[in-house]
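Structural features, examined
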Amino acid sequence: MRLISARDRDPADPYFTRVLTVPNAFTIARLLLLVPVCWLIIGGAPGSWTPVVLLAVWAATDWIDGVLARALDQTSRLGEVMDPIADRIGIVGVTLALAIGGAVDWWILAVIFAVDVLSVISAGKAARDGSIHVSWLGKVRTAVLLTAIVVVLLGHTVLPEATALGMTLMLVGVGLHVIAGIDYFLQARRLRRVHTGRPTSRQAEEAR
């Protein structure tokens with residue numbers, strides 16, 4: 001099924017009014033799963049596979065709500081907005097739990113959270129109205145961070161040998177997170193220039 005941008009859809013399309021759908025319910029379930037995961041991480045569970053398995057399930061299901069939406073023809077604007085928000089809340093929440101548990105340094109959480117806040121401030125409105133979508137870089141960033149937090153937790157609880165790999169992935173993910181945040185900021189700035197009639201840098205170059 002061909003994906004259609006929110007801006008190009010008919011305002012009467014059910015896409016804008018669908019709320020109670022299977023994909024949206026799945027996204028909410030993923031958010032709820034974070035509560036026991038973060039609780040177990042903060043409480044400390046050395047030698048226990050339970051928090052690792054729960055976190056791995058949560059991370060692995062990142063793509064399922066999108067697949068369900070397309071397979072069941074239940075795409076919705078609410079779902080498109082909720083999915084990346086669930087990812088951001090999840091990554092920040094788990095990283096916070098890992099920081100409290102002593103598995104990662106607090107500066108890692110600070111960088112991730114700061115970039116998320118600045119992205120919302122600079123590009124949140126454009127993302128909500130469908131002018132900006134999650135880029136391939138953003139998807140890779142999310143995949144790396146999700147893998148990193150699982151491997152870091154694995155090293156923190158049951159397999160210390162995995163700690164070095166987990167921290168390497170975490171640092172790569174944080175770097176990609178910063179780059180993706182800059183990219184969203186630049187996209188939003190270009191859109192504002194277009195909407196206000198101001199030339200973009202490319203248009204200015206072509207006009208010379």
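Figured I'd write up the structure that's included with this text. (Residues numbered from 1 in each chain as written. Predicted model: local features only at pLDDT ≥ 70, side-chain atom pairs only at ≥ 80, totals over all residues. Heavy atoms only, no water.)

Counting its secondary structure elements, the chain contains eight helices and zero strands. Listing every helix and strand of the chain by position from the N terminus yields α-α-α-α-α-α-α-α. For the chain, the proportion of its 208 residues judged to be buried stands at 41%. If you take every contact in the chain between residues at least 6 apart in sequence, the share linking residues at least 24 apart comes to 77%. (Helix = DSSP H or I, 4+ residues; strand = E, 2+ residues; numbered from the N terminus. Buried < 20%, exposed > 50% of the residue type's maximum accessible area, 1.4 Å probe, protein only. Contact = heavy atoms within 4.5 Å.)

The next point concerns a nonpolar patch on the surface. Among the surface-exposed residues, Ile42, Leu96, Ile100 and Trp106 lie close enough to one another that they form a single nonpolar patch of about 380 Å² accessible area. When you line up the elements, Ile100 lands in helix α4 (residues 77-100). Among the residues examined, Ile100 registers a relative accessible area of 43% and is labelled partly exposed. (Patch = residues over 30% accessible without salt bridge, like charges linked within 9 Å, V, L, I, M, F, W, Y side chains within 5 Å. Areas by Shrake-Rupley, 256 points an atom, 1.4 Å probe, with all protein chains shown as cover. Salt bridge = Lys/Arg side-chain N within 4 Å of Asp/Glu carboxyl O.)

On to the pattern of salt bridges, then. Per the counting criterion, the structure on display carries four salt bridges. Asp87 is the salt-bridge partner of Arg30, the closest N and O atoms lying 3.4 Å from each other. Placement of Arg30 in helix α1 (residues 22-43) and of Asp87 in helix α4 is noted, with a sequence separation of 57 residues between them. For Arg30, a relative accessible area of 3% corresponds to the buried category. One salt-bridge network, in which partners are shared between bridges, spans Arg30, Asp62, Asp65 and Asp87.

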